[in-house]
Amino acid sequence: QVQLVESGGGLVQAGGSLRLSCAASGRTFSSFPMGWFRQAPGKDREFVAGISWSGGNTYYADSVKGRFTIARDNAKNTVYLQMNSLKPEDTAVYYCAARFGMVVTTTKYDYWGQGTQVTVSS
């Protein structure tokens with residue numbers, strides 16, 4: 001089992017920044033590829049960013065490329081999502097997730113956090 005707890009969400013003006021954190025406990029964190037997803041009201045959950053177990057490979061949705069950065073610190077069992085130049089359309093509940101195998105951009109992840117709200121005002 002892996003337990004994931006997100007933090008760092010909040011209300012920010014357009015153009016601002018937030019850094020989300022996802023703390024993991026349970027099974028060996030460093031062996032899991034990790035992903036960040038988001039879900040806006042009335043919309044499907046969508047892939048935002050992913051990172052390999054080593055941190056050597058990262059993946060981004062086109063909508064956030066160049067603005068968001070995913071990183072991990074395996075010594076701290078934590079994955080981060082640095083979000084810059086935020087837009088109102090980034091408003092959503094953000095979830096971190098872990099899975100066996102490789103990063104995928106679908107929601108086929110094995111473990112999920114409870115989510116943290118990000119609201120970007122115009």
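Keep in mind that this is a model prediction, so the values were computed, not measured.

Procedures and definitions
Residues numbered from 1 in each chain as written. Predicted model: local features only at pLDDT ≥ 70, side-chain atom pairs only at ≥ 80, totals over all residues. Heavy atoms only, no water. Helix = DSSP H or I, 4+ residues; strand = E, 2+ residues; numbered from the N terminus. Buried < 20%, exposed > 50% of the residue type's maximum accessible area, 1.4 Å probe, protein only. Core = buried A, V, L, I, M, F, W, Y, C linked by side-chain atoms within 4.5 Å. Disulfide = S-S within 2.5 Å. Phe/Tyr/Trp six-rings, centres within 6.5 Å; stacked < 30°, edge-to-face > 60°. Lys NZ or Arg CZ within 6 Å of the ring centre and 35° of its normal.

A. Seen up close, unusual backbone geometry. Its identity is not glycine, yet Asn-77 carries a phi of approximately 55°, on the positive side. Turning to its location among the elements, Asn-77 is positioned in the loop between strand 7 (68-73) and strand 8 (78-83). The exposure class of Asn-77 is partly exposed, given its relative accessible area of 29%. A positive phi angle, close to 50°, is found at Ser-85, a residue other than glycine. Tracing the chain through its elements places Ser-85 in the loop between strand 8 and strand 9 (92-98). Given the relative accessible area of 41%, Ser-85 is considered partly exposed.

B. Structural context of the nonpolar core. Counting residues in each nonpolar core, the largest one holds 30 residues, and the members touching the most others are Leu-4, Met-34, Trp-36, Leu-81, Met-83 and Tyr-94. Of all the elements in the fold, those that place two or more residues in this core are strand 1 (2-7), strand 3 (18-26), strand 4 (34-39), strand 5 (46-51), strand 7, strand 8, strand 9 and strand 11 (116-121). Grouped together as the second largest cluster of nonpolar side chains are five residues, Phe-37, Phe-47, Val-103 and Tyr-109 included.

C. Layout of the state of the cysteines. For the structure on display, the rule yields one disulfide. The residue that forms a disulfide with Cys-22 is Cys-96, at a sulfur-sulfur distance of 1.9 Å. Between Cys-22 and Cys-96, the S-S torsion sits near 50°, and that sign places the bridge as right-handed. With a gap of 74 residues between them, Cys-22 in strand 3 and Cys-96 in strand 9 connect regions that are remote in the sequence. Among the residues examined, Cys-96 registers a relative accessible area of 0% and is labelled buried.

D. Spotlight on the packing of aromatic side chains. Applying the stated criterion to the full structure yields eight aromatic pairs. Between the aromatic rings of Phe-32 and Tyr-111, the centroid separation amounts to 6.0 Å while the plane-to-plane angle is 85°, which identifies the pairing as edge-to-face. With Phe-32 in the loop between strand 3 and strand 4 and Tyr-111 in strand 10 (residues 111-112), this pair connects stretches of sequence that are 79 residues apart. Phe-32 gets classed as buried once you look at its relative accessible area, which sits at 2%. Between Tyr-95 and Trp-112, the aromatic rings sit 6.4 Å apart at their centres with planes inclined by 80°, giving edge-to-face as the arrangement. With Tyr-95 in strand 9 and Trp-112 in strand 10, the pair connects residues that are 17 residues apart, well separated along the chain. Since its relative accessible area comes to 27%, Trp-112 is described here as partly exposed. Aromatic ring contacts, followed pair by pair, group Phe-37, Phe-47, Tyr-95, Tyr-109 and Trp-112 into a single cluster. Its end group placed over the ring of Phe-29, Arg-72 keeps NZ or CZ at 4.5 Å from the ring centre. Across the ring face of Tyr-109, the terminal group of Arg-99 is positioned such that the distance to the ring centre comes to 5.6 Å.

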